[in-house]
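A closer look at the structure
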Amino acid sequence: MRKEIENLQNEIIRISGVNPRKCMRCGKCSGTCPAYDEMEYHPHQFVSMVESGDIEPLLNSKSLYQCLTCFACVDRCPRGVEPAKLIEAVRLAAVRKQGQNHMTANDIPEKLDEDIPQQALVSALRKYSK
Amino acid sequence: MKVSYFPGCTLKTKAKDLDAYARKCAEILGITLEEIENWQCCGGVFTTARDEIATKLSSVRALNDAKEKNQALVSVCSACHNVLKQTNYAMQTDEEFASRANNYMQLDEAYLGETQVLHYLELLRDVVGFDKVAEKVVNPLKGKKIAAYYGCLLLRPNSVMKMDDPENPTIIEDLIRALGAEAVIYPYRNECCGGYVALENPDSAKEKSLKVTNSAKNAEADIILTACPLCKYNLEKNGADIPVVYFTELMAEAFGIKEDCNA
Ligand code: SF4
Ligand code: SF4
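Residues numbered from 1 in each chain as written. Chains lettered and ligands numbered in written order. Predicted model: local features only at pLDDT ≥ 70, side-chain atom pairs only at ≥ 80, totals over all residues. Heavy atoms only, no water.

1. Here we look at the site of ligand 2
Test applied: One heavy atom within 4 Å of a molecule or strand is enough for the residue carrying it to be called near that molecule or strand. Residue classes follow a fixed rule: Ala, Val, Leu, Ile, Met, Phe, Trp, Tyr, Cys and Pro count as nonpolar, while Asp, Glu, Lys and Arg count as charged, and any other residue, Gly among them, counts as polar.
Surveying the vicinity of ligand 2 reveals 13 residues, the closest of which are A:Cys33, A:Cys67, A:Leu68, A:Cys70 and A:Cys73. Among the residues making up the shell around ligand 2, the classes are represented as 12 nonpolar, 1 polar and no charged.

2. A short note on the nonpolar core
Our working definition: Throughout, nonpolar core names a set of buried Ala, Val, Leu, Ile, Met, Phe, Trp, Tyr and Cys residues whose side chains join them through atoms within 4.5 Å. Classification of residues uses two cut-offs on accessible area relative to the type maximum, computed with a 1.4 Å probe and protein chains only: under 20% is buried, over 50% is exposed, and between them is partly exposed. Labels follow the DSSP assignment, with helices taken as runs of H or I lasting at least four residues and strands as runs of E lasting at least two, numbered in each case from the N terminus. Note on contacts: a residue pair qualifies if any of its non-hydrogen atoms lie within 4.5 Å across the two residues.
Residues B:Tyr120, B:Val133 and B:Leu179 are the most contacted members of the largest nonpolar core, which totals 140 residues. Counting residues per element, this core draws most heavily on helix α6 (residues 83–95) of chain A, at 8 residues. Those residues within four positions of B:Val133 in sequence are excluded, and the remaining contacts are B:Leu29, B:Leu124, B:Val128, B:Leu175, B:Ala178, B:Leu179 and B:Phe255.

3. As for the domain arrangement of chain A
Residues and elements named next belong to chain A. To keep things clear, this is the line we draw: What marks off one domain from the next here is an automatic or database domain assignment. Two parts placed together each lose some accessible area; with a 1.4 Å probe, that loss summed over both constitutes the buried area.
Structurally, chain A comprises domain 1 (2–97) and domain 2 (103–130). Look at where the C-alpha atoms of domain 1 and domain 2 centre, and you get two points 24 Å apart. At the junction of the two partners, domain 1 supplies 6 residues and domain 2 supplies 4 residues. Carbon and sulfur atoms make up 54% of the area that domain 1 and domain 2 hide from each other, which totals about 510 Å².

4. Details of the pairing of strand β7 (residues 223–226) of chain B
Side chains on a regular strand alternate between the two faces of the sheet. Residues and elements named next belong to chain B. Note the following rule: Strand pairing requires that DSSP identify at least two bridges connecting the strands. The crossover handedness rule: strands pointing away from the viewer, path from first strand over the helix to second strand clockwise, crossover right-handed.
The alternating pattern of β7 places Ile223 and Leu225 on one face and Ile224 and Thr226 on the opposite face, and all of these are buried. Two strands pair when backbone bridges link them, and strand β5 (residues 145–148) and β7 are joined in this way by 3 bridges, in the parallel orientation. Counterpart to Ala148 in the pairing with β7 is Leu225. Pairing analysis gives 3 bridges linking β7 to strand β8 (residues 244–246), with the strands arranged parallel. When the bridges of β8 are listed, Thr226 appears paired with Tyr246. The parallel pair β7 and β8 is bridged by helix α11 (residues 229–237), and the resulting crossover is right-handed.

5. Re the sheet that holds strand β6 (residues 182–184) of chain B
All names here are of chain B. How we decide: Under this scheme, a helix contributes an axis fitted over its contacting stretch, all axes are lines through C-alpha atoms, and angles between N-to-C directions fall in the 0 to 180 degree range.
With respect to topology, 4 strands assemble into an open sheet ordered β6-β5-β7-β8, the strand pairing being parallel. Unpaired on one side and paired on the other, β6 and β8 mark the two borders of the sheet. Averaged over all neighbouring strand pairs, the angle between strand axes comes to 40°, with direction disregarded. Its contacts with the sheet put α11 on β7 and β8, and the angle it makes with β8 is roughly 165°.

6. A word on the site of ligand 1
Taken together, 13 residues form the shell around ligand 1, and within it A:Cys23, A:Cys26, A:Gly27, A:Cys29 and A:Cys77 come nearest. Counted by class, the shell around ligand 1 contains 8 nonpolar, 2 polar and 3 charged residues.

Below, the structure is given as structure tokens:
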């Protein structure tokens, strides 16, 4: 594995606190994931791809922005792997890079309607930008 | 009895009614909600990454404020509650995170997660008691079929939230029954409405929300009950054709004080 990828892999494992080697590949996380249809890589694939160091495709995947952080995969994984935390760590690795914000305050006005609660705006900015 | 209260940004703006009903109902039940001074927005979502410190400090400040008053910290919004509880748990269990957060805070005494964090529903169940809630009902909501909508934030992650059985919760149904109405059980009551993805991918949020609404309607619900402004928004925006109501509003109605709150 290239050094750079190995560092990234260690970083993702460290900040997420997830140990992907605990996964037994049952697929329950993806089976229960409400955003499954919108994702190209699914929760169980995040786990196995981070484990094998195949991280580049994940960094560029739209899946990062489709996860709802609903923690269904976290609570329903029989091995306590907590895939959502891994997805969050990969998303941060992507948006923390300079100029890689997925959404900024400038994008917000066109997304507004008069009923949208503040909670949605602060949450989206926290998820999608640095 | 006095508790510290963290209203959060949305209860000061789009969800003022959720807040007003909560305060009035607490008064009836003999609880004073003391708003934390100079609280700041919780950020809406808890970032699970352990190296994310600065964005969690507004929660740590509120938690420490409650600790200094020796009070529990109560919130009504599902999102605020989720962020406060997860932050508090991290302060209790992640030494490195807690020490870095405390470095920023510069308190006389380090904060290590001492405060008890309660959702308003937990306050009703564990401090007041649903039997006492039932005693205050003057206008029992007889004949109404109500679908409790938990969504994701109230219950998960269960290891931290510890509010109820995450797959078979009863806390909101117990409140509904205490208010004299009928609680309707349906499969999607603890699935996500789409949350903040409403901004990134509205079609995705629509699909998630419709599943919840249809599931409640299939169970013949007249009303969907929620604690979360974003759940309410997503369900209403995406074709809910039955009312989506805050649990505090329903309580105010049963207590006969709904009109006072609108004043
Ligand atoms: S549910 Fe857990 S053990 Fe099963 S595939 Fe997903 S991460 Fe692995
Ligand atoms: S947290 Fe994300 S990945 Fe996990 S089940 Fe929810 S939407 Fe899917």
